[in-house]
Amino acid sequence: MADARIYAELKKDHDRHRKLLDQIEETSRGSDERRALFEELRKELQAHAAAEEQSLYALMLANPDLRDEARHSVAEHKEIDDLLGDLVEIEPNDIGWITKFREMRHRYEHHIDEEEEEMFPAAAEELSKSEEDKAAKVFEERKPEELERAENEMPGDERE
């Protein structure tokens, strides 16, 4: 089963994201708490997606048996990033903000459920232990760097 370090690290992030999504949902319209929690989530999602693409997805894209799943997930990352960009543009006290947030939440939860239930097990079957170890190492190195980058980079900004 998908129990290598890379999958555990990604799942740990997913669990943290689920908690943030729940916390945001419970905030009051336009509150400072909503703004702060959303900003934390935005940076987390941007950094997670970038680091995941540079680690696990890079190996999956190189494997013909995993390529389609990786491409599908990259497309979902772009869709979620676009929704995050929309949310950044809407004031959190606007009634439309929570509607857009719930749309983004639905898409993101679908995405991580699909990763955990389908993609990680498929990757675990195809990738060697050394490839999984390499992915974990790359993810663990890239995530802090991507978090730092997300401080100054809004969703949809061009990657260098």
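Residues numbered from 1 in each chain as written. Predicted model: local features only at pLDDT ≥ 70, side-chain atom pairs only at ≥ 80, totals over all residues. Heavy atoms only, no water.

**Q** Help me understand the packing of helix 2 (residues 32–61) against helix 3 (residues 67–89), please; the structure alone is not making it clear to me.
**A** The angle between the axes and the distance between the axes are what describe a pair of packed helices. Following both chains from N to C, one finds helix 2 and helix 3 inclined at 165°, their axes separated by 10 Å at the closest point. With respect to helix 3, the element helix 2 is oriented roughly antiparallel. Crossing handedness for the pair helix 2 and helix 3: left-handed. Taking contact as the criterion, the partners of Phe38, Arg42, Leu45, Gln46, Ala49, Glu52, Glu53, Tyr57, Met60 and Leu61 in helix 2 are, on helix 3, Arg67, Glu69, Ala70, Arg71, Ser73, Val74, His77, Ile80, Asp81, Leu84, Leu87 and Val88. Partitioned by chemical class, the residues of the contact of helix 2 with helix 3 number twelve nonpolar, three polar and seven charged. (Axes fitted to C-alpha atoms, helices over the stretch in contact; angles between N-to-C directions. Helix = DSSP H or I, 4+ residues; strand = E, 2+ residues; numbered from the N terminus. Parallel < 35°, antiparallel > 145°, perpendicular 65-115°, else oblique. Left-handed = near helix turned anticlockwise from the far one by under 90°. Contact = heavy atoms within 4.5 Å. Nonpolar A, V, L, I, M, F, W, Y, C, P; charged D, E, K, R; others polar.)

**Q** Sorry if this is basic, but what is going on with the packing of aromatic side chains here?
**A** Two aromatic rings are characterised by how far apart their centres lie and by the angle between their planes. Taken as a whole, this structure holds three aromatic pairs when the rule is applied. When the centroid spacing of 5.4 Å and the interplanar angle of 85° are considered together, the rings of Phe38 and Trp97 count as edge-to-face. Of the two residues, Phe38 sits in helix 2 while Trp97 sits in helix 4 (residues 95–126), which places them 59 residues apart along the sequence. Its relative accessible area of 7% is what places Phe38 among the buried residues. Measuring from ring centre to ring centre gives 5.3 Å for Trp97 and Phe101, while their planes differ by 5°; the resulting arrangement is stacked. With a gap of four residues between them, Trp97 and Phe101 both fall in helix 4, about one helical turn apart. There is no split in this pair, since Trp97 and Phe101 are both buried. Three or more aromatic residues joined by ring pairs form one cluster here, namely Phe38, Trp97 and Phe101. (Phe/Tyr/Trp six-rings, centres within 6.5 Å; stacked < 30°, edge-to-face > 60°. Buried < 20%, exposed > 50% of the residue type's maximum accessible area, 1.4 Å probe, protein only.)

**Q** Before we go on, may I ask you to explain the environment of Leu61 in this structure?
**A** If you trace the backbone, Leu61 turns up in helix 2. Sequence separation between Leu61 and Arg71 is ten residues; the distance between their C-alpha atoms is 7.3 Å. The contact partners of Leu61, leaving out residues within four places of it in the chain, are Arg67, Ala70 and Arg71.

**Q** Even after reading the chapter, I still don't get helix 1 (residues 5–25), so can you show me in this structure?
**A** Each α-helix winds once per 3.6 residues, and so residues spaced three or four apart point in a common direction. Taking 1.5 Å of rise per residue, the 21 residues of helix 1 would be expected to cover 30 Å, and the 30 Å separating its terminal C-alpha atoms lies within 8% of that figure. Restricting attention to buried positions, one finds in helix 1 the residues Ile6, Tyr7, Leu10, Asp13, His14, His17, Leu20, Leu21 and Ile24. Taken around the axis of helix 1, the buried residues stretch over an arc of 145°, which confines them to a single face. Where helix 1 is buried, its residues meet helix 2, helix 4 and helix 5 (129–152). (Expected span 1.5 Å × (residues − 1). Arc of directions from axis to C-beta.)

**Q** Which parts of the structure should I look at to understand the pattern of salt bridges?
**A** Here the idea is simple: oppositely charged side chains can pair when their charged atoms come close. Tallied over the entire structure, the rule returns 28 salt bridges. Glu25 is the partner of Arg105 in a salt bridge, and the nearest nitrogen-oxygen pair spans 3.3 Å. In this pair, Arg105 sits in helix 4 while Glu25 sits in helix 1, placing the two residues 80 residues apart along the sequence. Residue classification places Arg105 among the buried residues on the basis of a relative accessible area of 14%. Taking relative accessible area as the criterion, Glu25 reaches 24% and is therefore assigned partly exposed. Between Glu145 and Arg142 there is a salt bridge, with its nearest N and O atoms 2.2 Å apart. Of this pair, Glu145 and Arg142 both sit in helix 5, separated by three residues, roughly a single helical turn. Judged by relative accessible area, which is 24%, Arg142 ranks as partly exposed. It is possible to trace a salt-bridge network through shared partners that takes in Lys11, Asp15, Arg18, Asp113 and Glu116. (Salt bridge = Lys/Arg side-chain N within 4 Å of Asp/Glu carboxyl O.)

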